[in-house]
Amino acid sequence: MTVVDDVLFEAVHALRACGYAVEPWSNDYPLWLINRETFADGAVIVLALRLGLMDGPERLQ
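Residues numbered from 1 in each chain as written. Predicted model: local features only at pLDDT ≥ 70, side-chain atom pairs only at ≥ 80, totals over all residues. Heavy atoms only, no water.

Asker: In this structure, what is going on with the side chain of serine 26? I would like to understand it.
Answerer: Take serine 26: it is sitting in the loop between strand 1 (22–24) and strand 2 (31–34). One polar contact links the side chain of serine 26 to the main-chain amide nitrogen of aspartate 28, over a distance of 3.1 Å. Of note is the side chain of serine 26, whose polar atom sits 3.2 Å from the backbone nitrogen of tyrosine 29. (Helix = DSSP H or I, 4+ residues; strand = E, 2+ residues; numbered from the N terminus. Polar contact = N/O pair within 3.5 Å; in protein donor to acceptor, adjacent residues only side chain to side chain.)

So, in structure tokens, the structure goes:
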């Protein structure tokens, strides 16, 4: 697994824990179905970050 895979898995787990229906949508493309809306891998991570379900990267000073 890559770092991105680990972060994606964490985002999926966090969303599911909060009651979101999260399922893989396609075997050919990295798409997810979240509450009937389609998201790419990166968008799943962004959604979890925006909802405050995960800690984001620290800002560089």
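Here the narrative resumes.
Asker: What should I look at first to understand the sheet that holds strand 2 in this one?
Answerer: Working definition: the strands of a sheet are paired by backbone hydrogen bonds and lie parallel or antiparallel to each other. In spatial order, the strands read 1-2-3; together these three strands make up an open sheet with antiparallel pairing. Only two strands of the sheet have a single partner each, and these edge strands are strand 1 and strand 3 (37–40). Averaged over all adjacent pairs, the angle separating strand axes in this sheet is 35°, with direction ignored. As judged from the four bridges shared by strand 2 and strand 3, these two strands associate in the antiparallel manner. Looking at the pairing, leucine 33 lines up with threonine 38 of strand 3. Running over the sheet, helix 1 (residues 3–17) touches strand 1 and strand 2 and is turned about 140° from strand 1. (Pairing = 2+ DSSP bridges. Axes fitted to C-alpha atoms, helices over the stretch in contact; angles between N-to-C directions. Contact = heavy atoms within 4.5 Å.)

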